[in-house]
Amino acid sequence: MKIIIINGPNLNLLGKREPGIYGTQGFDSFFTLLSEKYPSIELEYFQSNHEGQLIDKIHETGFSYDGIIFNAGAYTHTSIALADAIAAIPSPVIEVHISNVHAREKFRRHSHMAAYCQGVITGFGLQGYEMAIRFLIEKG
Ligand code: DQA
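Residues numbered from 1 in each chain as written. Predicted model: local features only at pLDDT ≥ 70, side-chain atom pairs only at ≥ 80, totals over all residues. Heavy atoms only, no water.

**Q** Outline the overall build of the protein, listing residues and values.
**A** Check the secondary structure of the protein and you find six helices and five strands. Scanning the protein from its N terminus toward the C terminus, one meets helices and strands in the order β-α-α-β-α-β-α-α-β-β-α. Compactness check: the protein gives a C-alpha radius of gyration of 14 Å against a globular reference of 14 Å for 140 residues, within 12% of the reference. Here the C-alpha coordinates of the protein stretch approximately 35 × 30 × 25 Å along the principal axes. Looking at the protein as a whole, 48% of its 140 residues qualify as buried. Long-range contacts, defined as pairs at least 24 residues apart, comprise 76% of the intrachain contacts of the protein with a sequence gap of at least 6. A total accessible area of about 6,900 Å² is found for the protein, and carbon and sulfur atoms account for 52% of it. Computing the positive centroid from 11 side-chain charges and the negative centroid from 14, the protein places the two 7 Å apart. (Helix = DSSP H or I, 4+ residues; strand = E, 2+ residues; numbered from the N terminus. Rg over C-alpha atoms; globule rule 2.2 N^0.38 Å. Buried < 20%, exposed > 50% of the residue type's maximum accessible area, 1.4 Å probe, protein only. Contact = heavy atoms within 4.5 Å. Areas by Shrake-Rupley, 256 points an atom, 1.4 Å probe, with all protein chains shown as cover. Lys, Arg positive; Asp, Glu negative; His and termini not counted. Charge placed at Lys NZ, Arg CZ, Asp CG, Glu CD.)

**Q** Would you mind going over the sheet that holds strand 4 (residues 93–97) in detail, with residue names and values included?
**A** Strand order in this open sheet of five strands is 2-1-3-4-5, and the pairing throughout is parallel. Strands with a single pairing partner mark the edges of an open sheet, and in this sheet they are strand 2 (42–47) and strand 5 (119–122). Averaged over neighbouring strand pairs, the angle between their axes works out to 20° when direction is ignored. Strand direction decides the pairing type here: strand 4 and strand 5, joined by four bridges, are parallel. Considered in strand 5, the bridge of H97 is made with T122. (Pairing = 2+ DSSP bridges. Axes fitted to C-alpha atoms, helices over the stretch in contact; angles between N-to-C directions.)

**Q** Provide a residue-level description of the packing of aromatic side chains, including the pertinent values.
**A** Enumeration over the complete set of coordinates arrives at five aromatic pairs. Relative to Y129, the ring of F27 lies with its centre 4.9 Å away and its plane at 65°, an arrangement referred to as edge-to-face. Of this pair, F27 sits in helix 2 (residues 27–37) while Y129 is found in helix 6 (residues 127–139), placing the two residues 102 residues apart along the sequence. Neither F27 nor Y129 differs from the other in exposure class; each is buried. In this structure an aromatic cluster arises from ring pairing among F27, F30, F31, Y45 and Y129. K57 extends its terminal NZ or CZ atom over the ring of F46, reaching a point 4.8 Å from the ring centre. (Phe/Tyr/Trp six-rings, centres within 6.5 Å; stacked < 30°, edge-to-face > 60°. Lys NZ or Arg CZ within 6 Å of the ring centre and 35° of its normal.)

This is a description of form; function is not addressed.
Here it is, written out as structure tokens:
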């Protein structure tokens with residue numbers, strides 16, 4: 001089973017960025033722990049601050065992977081191009097947010113991509129990524 005976690009803009013700064021909202025753990029160490037916990041899965045990780053690179057990665061993986069776990073950061077709220085990319089592929093995409101986007105500024109409440117995703121996990125910290133993995137495993 002092949003799953004990719006894709007993180008969008010500013011998520012390379014996890015651990016340093018607004019720790020009161022996003023926590024103090026960097027994503028690389030979290031990803032190592034996650035990979036060790038689910039050795040039977042081929043788990044990959046990709047991060048980019050660039051919209052086009054995120055679209056390219058969705059195209060590259062979206063026709064063959066068993067699932068895409070996608071935190072598009074602020075592009076969630078702005079990018080029709082990313083929503084179109086998700087609509088174009090057959091692999092299930094799970095939208096993840098570390099913070100509870102509904103408990104923050106109003107502009108974070110709208111997601112262009114949510115309608116094309118299997119579901120949305122928001123507000124559970126980094127644990128949200130693991131919740132998405134567990135769903136994909138059970139879904140098979
Ligand atoms: C985020 C929420 C977005 O609104 C924000 O722009 C981010 C991170 C989250 O994981 O909580 O960059 O996607």
